[in-house]
Amino acid sequence: MTAPSAPPPRLDHDAIRRIFIGLMLAMFLSALDQTIVATALATIGRAYANVENLTWVVTAYLLAATVVTPLYGKLSDVYGRRRVLLTGIAIFIVGSVACALSPSMPVLIAARAIQGLGGGGLIAMSQTIVGDAVSPRERGRYQGYFGAVFAVSSIAGPVLGGVFAEHLHWSFIFWINVPLGLLALGITGRALKALPRHERPHQIDFLGAALMVTATIALLLALNWGGTRYPWSSAQILGLLGAAVLLFSLFIVRLATAAEPFVPLSIMRNRVVAAAIGCACLAYGTMIALTIYAPVYFEVVLGQSASGAGLTLIPFMGGVVVGSTFGGQMMSRLKHYKRVGLVGLPLAAVALMPLVVFPAQLSIVAVASFLLVAGAGMGTVFPITTVSVQNAVLPWQLGTATGVVNFVRSLASALLVALYGAFLFGGVDVERGGAHGVTLEALAAAGHNAASLAGHFRWIFAAAATCLSVSWLLLIAMEERALRADAPRMPDAVPAPAE
């Protein structure tokens, strides 16, 4: 009888550090791409003389990135983290080159979709690999690294995008991904050879994956077009929503009947996973929605310029990074690690209340201070929910579970952005420019004065505080399991083959 293979040796700090450097580059690629493009959109529209389709430069990437996120997690459980992550980076580089060389707007939009197919898995895969390399108890020590990546990308992205578009050429926002991507390929490819292997033979449920992807595309298109390109009651939006409901229903039926469903029901029935996903979705979706609508609030209510609105948003994003880093650090030190989030979420909700009561009377400094506190409170739950999910599932389900968390968070973000947008545009008779959507100028003209528009933003901040309160209740309901002190490993772990 063959003796069971010995578990892989525990990674030392130097090996973990090399892995983290590669992962930080991979995450930086994805995070930077989400911020660097925005400031160059106007220049791209002028270059192609095609402004009416400009929003698709962003939408195509987001659609593709969202639908493939759970696919990356599942494939990594089957074929290994290293192979799948390197494939994602390679696709992202190819898509970036195609974007830079695009001769027309339709080609650029298609290239952005290819780029999204690669970039969609970078953040989820990085989080999954962290789960393989570092025990849940020790993971907080490294949380600051990822926080620094998002902090740098949120500041460097808009600056680089503006510089490239104004002084060089807009295509440099895509060319910059090539050297960064090749560096990430080289460092990650070598570092991940030391990563423990947990993949097992699986059957991929292609029908379930197809139902999930098409349902998600229908829902995201409805949320993206509703109220801007088409009225919410139009046949186009109602048809997309109906198709999404039907396809998601078929997907649920498939989960219950497939021999090996795309998302194992054992994961979704896990009380920790279900509560953590709900908590993370509401907090993360609220954060994304506020980053979109807060600058609009700064401009049309508080009278800030576009650049001033961007600067005023920095305290909020900085607070998110600080809160996330602090929450991760405390997880490695506290037995009852949920307490950080149980304090942070209600603090964030309370910090938004002055904006509900006095949306037009507060100074810029006061608003920035309240948003700093709100961002820090929201940030505390992100590491808690992610690590709790990874701590609650089996090692060979880690990729699938992490992918599902990121996928559902993205869907929730789109849903909350649409919901908050309904609060903003509801009751304001705005002239819509067809495919151009609603502009700040049209919104301000329809509102006539800042006080009138402030009433609409009051509802947005009230909805954000409500979502954070429900997120807090779900965090209370989440079972607080003791964090494992060892990185996940199995006696029958698959030895890493020569690659």
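Keep in mind that what you see is a predicted model, and the values were worked out from it rather than measured.

Definitions and cut-offs
Residues numbered from 1 in each chain as written. Predicted model: local features only at pLDDT ≥ 70, side-chain atom pairs only at ≥ 80, totals over all residues. Heavy atoms only, no water. Helix = DSSP H or I, 4+ residues; strand = E, 2+ residues; numbered from the N terminus. Buried < 20%, exposed > 50% of the residue type's maximum accessible area, 1.4 Å probe, protein only. Contact = heavy atoms within 4.5 Å. Areas by Shrake-Rupley, 256 points an atom, 1.4 Å probe, with all protein chains shown as cover. 1 Å grid on protein atoms, 1.4 Å probe; cavity = no way out; pocket = protein on both sides within 12 Å on 5 of 7 lines; lining within 4 Å. Points joined across faces, edges and corners; volume = space filled by probe spheres on them. Nonpolar A, V, L, I, M, F, W, Y, C, P; charged D, E, K, R; others polar. Core = buried A, V, L, I, M, F, W, Y, C linked by side-chain atoms within 4.5 Å. Axes fitted to C-alpha atoms, helices over the stretch in contact; angles between N-to-C directions. Parallel < 35°, antiparallel > 145°, perpendicular 65-115°, else oblique. Left-handed = near helix turned anticlockwise from the far one by under 90°. pLDDT = per-residue confidence, 0-100. Patch = residues over 30% accessible without salt bridge, like charges linked within 9 Å, V, L, I, M, F, W, Y side chains within 5 Å. Salt bridge = Lys/Arg side-chain N within 4 Å of Asp/Glu carboxyl O. Lys, Arg positive; Asp, Glu negative; His and termini not counted. Polar contact = N/O pair within 3.5 Å; in protein donor to acceptor, adjacent residues only side chain to side chain. Phe/Tyr/Trp six-rings, centres within 6.5 Å; stacked < 30°, edge-to-face > 60°. Lys NZ or Arg CZ within 6 Å of the ring centre and 35° of its normal.

As a further point, take the overall build of the protein. For the protein, the count of helices and strands is 20 helices and 0 strands. Taken over 499 residues, the protein has a buried fraction of 55%. For the protein, contacts bridging at least 24 residues in sequence account for 84% of all contacts bridging at least 6. When the accessible area of the protein is evaluated, it comes to approximately 20400 Å², of which 69% is carbon and sulfur surface.

Let us look at the layout of surface pockets. Estimates place the volume of the second largest pocket at around 230 Å³. If you go around the second largest pocket, you meet 12 residues; those closest to its centre are Phe 251, Leu 255, Met 268, Phe 407 and Val 408. Elements with a contribution of two residues or more to the lining of the second largest pocket: helix H11 (235–257) and helix H18 (398–425). Of all the elements, H11 adds the most residues to the lining of the second largest pocket, at 4 residues. Of the residues contributing to the lining of the second largest pocket, the split by class is 12 nonpolar, no polar and no charged.

Further remarks concern the nonpolar core. Residues Leu 85, Tyr 297, Leu 352, Tyr 420 and Phe 457 are the most contacted members of the largest nonpolar core, which totals 141 residues. For this core, the leading source of residues is helix H13 (residues 271–300), giving 18 residues. In contact with Tyr 297, not counting residues within four places along its chain, are Leu 302, Leu 355, Pro 359, Val 367, Phe 457 and Phe 461.

A few words now on the packing of H13 against helix H17 (residues 381–392). How two helices pack is summed up by the angle between their axes together with the distance between the axes. Direction vectors running N to C along H13 and H17 enclose 155 degrees, while the axes themselves pass 9 Å from each other. Classified by the angle their axes make, H13 and H17 are roughly antiparallel. The two elements H13 and H17 cross, and the hand of that crossing is left-handed. Contacts from Val 272, Val 273, Ala 276, Cys 279, Ala 280, Ala 283, Tyr 284 and Met 287 of H13 reach H17 at Val 381, Phe 382, Thr 385, Ser 388, Val 389 and Ala 392. Each residue belonging to the contact of H13 with H17 can be placed in one class, and the counts come to 12 nonpolar, 2 polar and no charged.

Within the protein, residue pLDDT values average 76, and 77% of them lie at 70 or more. Element-level mean pLDDT values for the protein span from 50 in helix H19 (residues 440–447) up to 91 in helix H15 (residues 338–357). Taken as a whole, residues 430–441 scores under 50 in pLDDT and shows 20 contacts with residues more than four places along the chain or in a different chain. In this model residues 490–499 is a low-confidence stretch, pLDDT under 50, and it forms 22 contacts with partners more than four residues away in sequence or in other chains.

This part takes up a nonpolar patch on the surface. Residues Ile 91, Val 94, Ile 114 and Leu 117 make up a contiguous nonpolar surface patch of roughly 300 Å² in combined accessible area. Residue assignment for the nonpolar patch shows that the elements contributing at least two residues are helix H4 (81–100) and helix H5 (105–119). With respect to the secondary-structure elements, Val 94 resides in helix H4. Val 94 gets classed as exposed once you look at its relative accessible area, which sits at 53%.

Turning next to the side chain of Lys 338. Residue position: Lys 338 is located in helix H15. Although Lys 338 lies buried, it forms no salt bridge, and the closest oppositely charged side chain, Glu 480, sits 5.7 Å away as judged by the N-O distance. In terms of polar contacts, Lys 338 uses its side chain to reach the backbone carbonyl oxygen of Met 478, at 2.6 Å.

A few words on the pattern of salt bridges. Per the counting criterion, the structure on display carries 1 salt bridge. A salt bridge links Arg 481 to Glu 479; its shortest N-O distance comes to 3.5 Å.

This next bit is on the packing of aromatic side chains. One pass over the full model with this rule turns up 4 aromatic pairs. Their ring planes at 55 degrees and their centres at 5.9 Å tell us that Tyr 297 and Phe 298 sit as a pair that is tilted. Phe 298 gets classed as buried once you look at its relative accessible area, which sits at 0%. Considering the side-chain rings of Tyr 297 and Phe 457, the 5.3 Å spacing of their centres and the 55 degrees angle between planes classify their relative orientation as tilted. Placement of Tyr 297 in helix H13 and of Phe 457 in helix H20 (residues 450–477) is noted, with a sequence separation of 160 residues between them. Connected via pairs of aromatic rings, a cluster forms that spans Tyr 297, Phe 298, Phe 457 and Phe 461. Sitting above the plane of the Tyr 284 ring, Arg 409 keeps its charged end 4.2 Å from the centroid.

The subject of this paragraph is the side chain of Thr 386. Inspection of the secondary structure puts Thr 386 in helix H17. For Thr 386, the side chain forms a polar contact with the main-chain oxygen of Phe 382, separated by 3.1 Å.

Running from amino to carboxyl end, helix H10 (residues 206–225) crosses H11 at an angle of 155 degrees, the nearest separation of the two axes being 8 Å. Here H10 is positioned roughly antiparallel relative to H11, judged by the angle of their axes. In this structure, H10 meets H11 at a crossing whose hand is left-handed. From H10, Leu 207, Gly 208, Leu 211, Met 212, Thr 214, Ala 215, Thr 216, Ala 218, Leu 219, Leu 221, Ala 222 and Trp 225 reach across to H11, where they touch Ile 237, Leu 240, Leu 241, Ala 243, Ala 244, Leu 247, Phe 248, Leu 250, Phe 251 and Arg 254. Of the residues contributing to the contact of H10 with H11, the split by class is 18 nonpolar, 3 polar and 1 charged.

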